[in-house]
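Spelled out, the chains give:
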Number of protein chains: 10
Amino acid sequence: MISRAEATQRVLMAKQEKDLSWLQIAEALGRDPVWATAALLGQMKMAPEEAEAAAAALGLYPEVAVALQTDPLKGSLDPTVPVDPLIYRFYEMVQVYGTTLKALIHEMFGDGIMSAIDFEMHIERKADPKGDRVVVTLDGKFLPYRKW
Amino acid sequence: MISRAEATQRVLMAKQEKDLSWLQIAEALGRDPVWATAALLGQMKMAPEEAEAAAAALGLYPEVAVALQTDPLKGSLDPTVPVDPLIYRFYEMVQVYGTTLKALIHEMFGDGIMSAIDFEMHIERKADPKGDRVVVTLDGKFLPYRKW
Amino acid sequence: MISRAEATQRVLMAKQEKDLSWLQIAEALGRDPVWATAALLGQMKMAPEEAEAAAAALGLYPEVAVALQTDPLKGSLDPTVPVDPLIYRFYEMVQVYGTTLKALIHEMFGDGIMSAIDFEMHIERKADPKGDRVVVTLDGKFLPYRKW
Amino acid sequence: MISRAEATQRVLMAKQEKDLSWLQIAEALGRDPVWATAALLGQMKMAPEEAEAAAAALGLYPEVAVALQTDPLKGSLDPTVPVDPLIYRFYEMVQVYGTTLKALIHEMFGDGIMSAIDFEMHIERKADPKGDRVVVTLDGKFLPYRKW
Amino acid sequence: MISRAEATQRVLMAKQEKDLSWLQIAEALGRDPVWATAALLGQMKMAPEEAEAAAAALGLYPEVAVALQTDPLKGSLDPTVPVDPLIYRFYEMVQVYGTTLKALIHEMFGDGIMSAIDFEMHIERKADPKGDRVVVTLDGKFLPYRKW
Amino acid sequence: MISRAEATQRVLMAKQEKDLSWLQIAEALGRDPVWATAALLGQMKMAPEEAEAAAAALGLYPEVAVALQTDPLKGSLDPTVPVDPLIYRFYEMVQVYGTTLKALIHEMFGDGIMSAIDFEMHIERKADPKGDRVVVTLDGKFLPYRKW
Amino acid sequence: MISRAEATQRVLMAKQEKDLSWLQIAEALGRDPVWATAALLGQMKMAPEEAEAAAAALGLYPEVAVALQTDPLKGSLDPTVPVDPLIYRFYEMVQVYGTTLKALIHEMFGDGIMSAIDFEMHIERKADPKGDRVVVTLDGKFLPYRKW
Amino acid sequence: MISRAEATQRVLMAKQEKDLSWLQIAEALGRDPVWATAALLGQMKMAPEEAEAAAAALGLYPEVAVALQTDPLKGSLDPTVPVDPLIYRFYEMVQVYGTTLKALIHEMFGDGIMSAIDFEMHIERKADPKGDRVVVTLDGKFLPYRKW
Amino acid sequence: MISRAEATQRVLMAKQEKDLSWLQIAEALGRDPVWATAALLGQMKMAPEEAEAAAAALGLYPEVAVALQTDPLKGSLDPTVPVDPLIYRFYEMVQVYGTTLKALIHEMFGDGIMSAIDFEMHIERKADPKGDRVVVTLDGKFLPYRKW
Amino acid sequence: MISRAEATQRVLMAKQEKDLSWLQIAEALGRDPVWATAALLGQMKMAPEEAEAAAAALGLYPEVAVALQTDPLKGSLDPTVPVDPLIYRFYEMVQVYGTTLKALIHEMFGDGIMSAIDFEMHIERKADPKGDRVVVTLDGKFLPYRKW
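Residues numbered from 1 in each chain as written. Chains lettered and ligands numbered in written order. Predicted model: local features only at pLDDT ≥ 70, side-chain atom pairs only at ≥ 80, totals over all residues.

**Q** Explain the overall build of chain A to me, please; I cannot follow it from the model alone.
**A** Looking only at helices and strands, chain A has six helices and two strands in total. Helices and strands in chain A line up, N terminus first, as α-α-α-α-α-α-β-β. Seen through its C-alpha atoms, chain A measures out along the principal axes to roughly 50 × 50 × 30 Å. For chain A, the residues scored as buried account for 57% of the 148 residues in total. A fraction of 56% describes how many contacts in chain A between residues 6 or more apart in sequence connect residues 24 or more apart. (Helix = DSSP H or I, 4+ residues; strand = E, 2+ residues; numbered from the N terminus. Buried ≥ 20, exposed ≤ 12 C-beta atoms within 10 Å, placed from the backbone. Contact = placed C-beta atoms within 7 Å.)

**Q** What should I look at first to understand the interface of chain I and chain H in this one?
**A** Much of the literature gives interface size as the accessible area that the parts lose upon coming together. On the chain H side, the residues contacting the six residues of chain I number six residues. With three residues, the single largest contributor to the side of chain I that touches chain H is helix H1 (residues 4–18) of chain I. Partitioned by chemical class, the residues of the side of chain I that touches chain H number three nonpolar, one polar and two charged. (Nonpolar A, V, L, I, M, F, W, Y, C, P; charged D, E, K, R; others polar.)

**Q** Help me out: how do you make sense of the arrangement of the chains in this one?
**A** The closest approach of any C-alpha atom in chain B to one in chain E is 15 Å; the two make no contact. Separating chain B from chain I is a minimum C-alpha gap of 15 Å, and the two share no contact.

**Q** I would appreciate a short explanation of the packing of helix H2 (residues 22–29) of chain B against helix H3 (residues 33–40) of chain B in the present structure.
**A** Residues and elements named next belong to chain B. It is at 9 Å that the axes of H2 and H3 come closest, and there the two elements cross at 95°. Comparing the axis directions of H2 and H3 gives the class roughly perpendicular. Contacts between H2 and H3 involve Trp22, Leu23, Ile25, Ala26 and Leu29 from the former and Pro33, Ala36, Thr37 and Leu40 from the latter. (Axes fitted to C-alpha atoms, helices over the stretch in contact; angles between N-to-C directions. Parallel < 35°, antiparallel > 145°, perpendicular 65-115°, else oblique.)

**Q** Would you mind going over the pairing of strand E2 (residues 133–144) of chain F with me for this structure?
**A** Taken residue by residue, a regular strand's side chains alternate between the two faces of the sheet. Counting buried residues along E2(F), nine of its 12 residues qualify, which places the element largely inside the surrounding structure. Bridge analysis of strand E2 (residues 133–144) of chain E against E2(F) gives nine bridges, and the strand direction is antiparallel. Among the inter-strand pairings, Lys141(E) is bridged to a residue of E2(F), identified as Arg133(F). As paired strands, strand E1 (residues 112–126) of chain F and E2(F) are joined by 11 bridges and run antiparallel to one another. Bridge pairing links Glu120(F) to Asp139(F) in E2(F). (Pairing = 2+ DSSP bridges.)

**Q** Is there a simple way to think about the relation of the copies chain I and chain H in this case?
**A** Both copies of the chain are tied together by a single rotation about an axis and a shift running along it. The operation relating chain I to chain H is a screw motion whose rotation component is 72°, with 0.1 Å of axial translation and a residual RMSD of 0.0 Å. Taken together, the rotation and translation relating the two chain copies correspond to the operation of a five-fold axis. (Least-squares fit on C-alpha atoms with pLDDT ≥ 70 in both.)

**Q** Help me understand the interface of chain B and chain A in this model?
**A** Chain B puts 57 residues into the contact, and the matching count from chain A is 57 residues. Sort the elements by how many residues they give to the side of chain B that touches chain A and helix H6 (residues 85–109) of chain B lands first, with 23 residues.

**Q** What's the story with the relation of the copies chain B and chain A in this structure? I'm lost.
**A** Mapping chain B onto chain A leaves a residual RMSD of 0.0 Å; the transformation is a rotation of 180° accompanied by 0.0 Å of translation along its axis. What we have between these two chains is a two-fold relation. Considering only C-alpha atoms, the residue of chain B closest to the rotation axis is Thr137(B), which sits at 2.3 Å. Counting the interface residues of chain B, we find that 100% of their copies in chain A are interface residues as well, pointing to one common contact surface.

**Q** Any chance you could explain helix H3 (residues 33–40) of chain J here in plain terms?
**A** Note: α-helices contain 3.6 residues per turn, so residues at a spacing of three or four share the same orientation. With eight of eight residues buried, H3(J) lies mostly within the body of the structure. Taken residue by residue, H3(J) has Pro33(J), Val34(J), Trp35(J), Ala36(J), Thr37(J), Ala38(J), Ala39(J) and Leu40(J) as its buried positions. The elements touched by buried residues of H3(J) are helix H6 (85–109) of chain I together with helix H1 (4–18), helix H2 (22–29), helix H4 (48–58) and strand E1 (112–126) of chain J.

**Q** Just to check I follow, could you spell out the sheet that holds strand E2 (residues 133–144) of chain H for this structure?
**A** In a beta sheet, neighbouring strands are held together by backbone hydrogen bonds and run either parallel or antiparallel to one another. Read from one edge of the open sheet, four strands run E1(G)-E2(G)-E2(H)-E1(H), paired in antiparallel fashion. On the outer flanks of this sheet lie strand E1 (112–126) of chain G together with strand E1 (112–126) of chain H, each paired with one strand and no other. The average undirected angle you get between the axes of adjacent strands in this sheet is 20°. Strands in contact with helix H6 (residues 85–109) of chain G are E1 and strand E2 (133–144) of chain G together with E1 and E2 of chain H; relative to E1(H), the strand with the most contacts, it is inclined by about 20°.

**Q** Quick question: what am I supposed to make of the confidence of the model for chain A here?
**A** For residues with low pLDDT, the predicted coordinates do not support detailed interpretation. The pLDDT averaged across chain A works out to 92; a share of 99% of its residues lies at or above 70. Here the complex is predicted with pTM 0.91, and the ipTM for its interfaces comes to 0.91. (pLDDT = per-residue confidence, 0-100.)

**Q** Can you walk me through unusual backbone geometry in this structure?
**A** Most peptide bonds take the trans form, and the phi angle of most residues other than glycine is negative. A positive phi angle is found at Asp19(E), which is not glycine, with a value near 55°. Mapped onto the elements, Asp19(E) comes out in the loop between helix H1 (4–18) and helix H2 (22–29).

**Q** What is the right way to look at the packing of helix H6 (residues 85–109) of chain C against helix H6 (residues 85–109) of chain D in this model?
**A** Each packed pair of helices is defined by two parameters, the angle between the axes and the distance between the axes. One way to put it is that H6(C) packs onto H6(D) with a least axis distance of 10 Å and a crossing angle of 145°. Considering only the axes of H6(C) and H6(D), their crossing is right-handed. Listed contacts from H6(D) to Leu86(C), Ile87(C), Phe90(C), Tyr91(C), Val94(C), Gly98(C), Leu101(C), Lys102(C) and Ile105(C) of H6(C) are Leu86(D), Ile87(D), Phe90(D), Tyr91(D), Val94(D), Gly98(D), Leu101(D), Lys102(D) and Ile105(D). Considering only residue class, the contact of H6(C) with H6(D) consists of 14 nonpolar, two polar and two charged. (Left-handed = near helix turned anticlockwise from the far one by under 90°.)

**Q** Looking at this structure, how should I read H2(E)?
**A** When we look at burial in H2(E), the residues that qualify are Trp22(E), Ile25(E), Ala26(E) and Leu29(E). Along H2(E), the residues classed as buried sweep out an arc of 100° about the axis, all on the same side. Packing partners of the buried residues in H2(E) comprise H1, helix H3 (33–40) and helix H4 (48–58) of chain E together with helix H6 (85–109) of chain F. (Arc of directions from axis to C-beta.)

**Q** What should I look at first to understand the sheet that holds strand E2 (residues 133–144) of chain C in this one?
**A** The four strands are arranged E1(C)-E2(C)-E2(D)-E1(D) in an open sheet whose pairing can be described as antiparallel. Because the sheet does not close on itself, it has two edges, and the strands there are strand E1 (112–126) of chain C together with strand E1 (112–126) of chain D. Ignoring which end each strand starts from, the neighbouring axes of this sheet average 20° apart.

**Q** Explain the environment of Ala14(A) to me, please; I cannot follow it from the model alone.
**A** All names here are of chain A. Turning to its location among the elements, Ala14 is positioned in helix H1 (residues 4–18). Assessed through the 19 C-beta atoms surrounding it within 10 Å, Ala14 is described here as partly exposed. For the pair Ala14 and Asp118, spaced 104 residues apart in the sequence, the C-alpha separation amounts to 31 Å. Not counting chain neighbours up to four residues away, the residues in contact with Ala14 comprise Leu58, Gly59 and Leu60.

**Q** When you look at the environment of Ala53(D) in this model, what are you seeing that I'm missing?
**A** Residue and element names in this part refer to chain D. Inspection of the secondary structure assignment puts Ala53 in helix H4 (residues 48–58). Considering only alpha carbons, one finds Ala53 and Ile25, 28 residues apart in sequence, at a separation of 8.8 Å. When neighbours within four sequence positions are excluded, Ala53 is seen to be in contact with Ala28 and Leu29.

Listed below in structure tokens is the structure:
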């Protein structure tokens, strides 16, 4: 058996060598690119047929397919506050708009949270003459606080 | 002059006493509720007419309108890792999907980042028979790394 | 308007002066003592009739009842790792049994989490000749990870 | 001699290869699954017969059985605040309900703590038409503060 | 009602004004100086007669006696690692001798801990021609880990 | 030459294989078990004859004896706040009784500290019908602050 | 494939062995020394022809050129606050002049930031009879906050 | 006497009420706007005539002029890693270009540092058709490491 | 009674108003300026006659003299790593020369430490044509580690 | 090429095997023992002849001499607050006397710092009948803050 971290390393190497994009691999899996990339980067558990399709597309040994079906210890960032500028901007959005999200979700839905588990994320490119834009859609079920 | 933090406190009190929603105040300002709430919670600088409209809608003294036009020291969360469950879920999304965002934005756009400055956020309620969903849209300009 | 923290202070003072127990106040509210105590300590949002019943039982001004209906910024512990010995033991349980909980919940339910939102907690005293025992029951909905 | 961390790795590998569940291994040991899993994940010290039964069930070398009898340096989580969403929810419960636990245990038992040493934990699945629930029972002796 | 922290402040002031030593106050209470000082510094809960004796000895109002009977949020040190040199030395002892304590207590008693709850501490002065010595005795019940 | 950390590992392995207790090794050295264990766990510097006696008792190569005579970089705990429950309890004692120790040592000795260098520690088992007790004695020279 | 960190190591070794300066390598790349050094130290993504020119100048295998074209996880400093004195001084400038930069950039440009992405840095030596000076020029696009 | 922090508050209030810019105040002082702003924000010690000119320009009491002549405890940022987006970008530059600065300054000057004390900073606006740019010039004496 | 922190504030104010230097106050006390300044800044406990001389020199009420005789909670720096540039340089010396101090003191004295309690510090100005120098002398008793 | 850390390791091993003291090696280099030890422990850059003399004295390969001439990433302590008791005492001196150093250096020299770059340190043994003393002299150029 290889570890989940080792599986991520082999996926990255094979992707580079086979010169595949994440979108091509996602298509081979029959999944959205965000979910597929998250799973291949060690954040999601794959079903057997998904893991095998991924291993086949990337030309990897069956042991990688086995590892992709294990429950990962989630969390992809080493330091508490991410340092990489692209990732940091998302942390900054939480810093700047965190209380706004809280105020408006409570106003629109009542006391509860937006799930990060029953959750989907999509990334799109929106053409714009002043410079194209990244549009990230976060879509999570509202979960009301239970009372008892 | 009152501080920006004091202005936020007065806004919250007046909103509670006048029983206004964030959406009603945003309408009075002529701005999207996300931007308006962020500004009233001390994260954005208002133009004079916006600050005055906000003060009028909330029945606040002119000194609050003055404070809303100052440059805030941004960042709405006290601890490095937010503790409130609603806000924490957004930090968790960055933890779980941070490397995925990096991989896919680089694949779709090249080396650069998604701006958190030339940036908009929208929050919507999507009806769903299994439980309504929160849909948050993040829309930021792609900024390529300069070479020299 | 008074803040949620101020409301918690007044509740604690009134409880001491009226010599009421948390169980008596919970009964007045018609809620489980755990939920009622958490709400009075600033972690849950009360419905108007609950807040009024609490204020009546404790002999507090209506402004406290108003504050108890606001959305609290949750999180009751100042330092990241709690120092008080009673509270620390629960942190220690997470340290010692965290990976066990992960292994067994994944084995019994698949990939997902135990909700801390659609969640109840109960505390009971179990008589034992070697020394009575505290029994805390955590009861949360299993939420499977969504795939897309 | 191998280290306790190495022993945990070998247990995980053998479990995966033999396709055993934690419940099956616990049965082979004659122990509750929670205790058995905690011990195999490096948090508890096994008696010789337990360690040997575990090694036999998993087909491991005697050196693993020796390691399972050593006193582990307990604590299964790397960062101070756990990042994995399943484990984090338990930390969140301590954050949100920590002062509630303190208030009610003091009210029901007096000044003291709930032991995390003379302590048992059980995990069950409770069927529910709205979605099955995880029920975790924490059962610890009350220890009163000594006076002198 | 006054808070526990406020009670500690008043105790310190009265002690200074009345020029009493901790030992004199402890005697008035009928308790060991260590326990009495810890209780007066906000770490232990007093029985009514102890709190009243303390207030009488120090000439304090009844509200202080009430506060001394509340359950304190224990933990007397602000920073995680104490800075005051006298207190830091005890932290250093844990750093230097922590694994030694673990090795020898496990060897002498088996898997378990030394209780900090069913615990007494004594401080004595030992005359020594090379310079008098502080002798601190820590005396705690051994608690074996429960198996189930 | 091997490092001090490597020497500690070899000592632990040899102790396990030879099935020796810390007390037996301490006797071979002619030192108190606390000092001997601390030295073997990398916290104290041994004299040549002590290091050789230790290596002989454990059947280790001379290079280990050499390493045991080096000045160790002291401090046996990885995280700032120890996580292992046995060791944590000593940190908790400092948290709960730190200001008490400061108040009483100053009262009994004046301004200064209890040395952690000119210091001895002893661990004993005290039989008790309600459960045996661990008694740890800390014995350090009082050092008065110098004035100039 | 080799990792980006491994590529940085090989660049440093080859530079030392071939006794090349950063300026000579930058010239071979046709880029400013700051950008070229940052890219070779793992902070920037190179175009294929740049990576190949760098590998050629340093006499490195093609796999290094491949690695230099990957998207690096940026951030060159291990600890949150840098310890090396040369690097720390830049952190100190942010500490001492951070609010000054904020006050003056807001006054000169309005609400927004100075980009660290659409950004250039230059380093020069300025002769001075009292001791030569380092002149670092930071040149970044002003990005105004978007309103919506 | 008022504290330095209090003086900063009064300066900010007077500046807002008198509607003065930092550049106008700097001119009144006869100093560069960067130095003057840093001094008024509590980071530099003013000479008597500078402090008096500042107080006169802002219409402040003499006690503020006295405070501006005290040695400030420098460091303008509360958290270790700044959160405000404008200030954070400068921290990010140190993260991304820190090792580059080290490599090139060592290559150009030898072993030593760029002083942050014998140091000047200038901020300019550079017009650019694609969007104006902020140009910050850091100018510090090179200090070679002393050998002895 | 006033607190030690309050006493420090009053000392600073009186010193500024009376325009006294630390050296003048130290002379009035009959103590070295380093010790006297440390005591007045809340780090040392004064004898009654010293406290009274200080209060007299500064024209302060007797309550300040009382406070100066209490045992201070030592430690003059708020953050773990000091930010003020003058103080930080001393932290940097520990970072850069810490292992050197350890290596040489062990070589010259054996296993032990340099006391920070039986300790004196002196600060002098040494004229130098290239710029005057600060000479700080640290003078502490060597304390050998006790063996038992 | 070997890394600077690897060079430090080889120096330590050779020193142990050849049974050389730091003072003997310093003499071979023609440098003060403090500077020589700091350089050999990876904190200073050596000139070619110094590095070669060191390698010769220790009997090391030329590659170590090469490494000793590289610019080290300075900072010898892993954790932010050092744990080793000998090194910690120097951190404690900064904690206890930091504001005293600031007050007196400012009084004696004006606004500026004591350089840690244009800096020498010396360590001496002072005989004393009550126990020998360690005398550490810190000698750094005063650097006044520049105004502009």
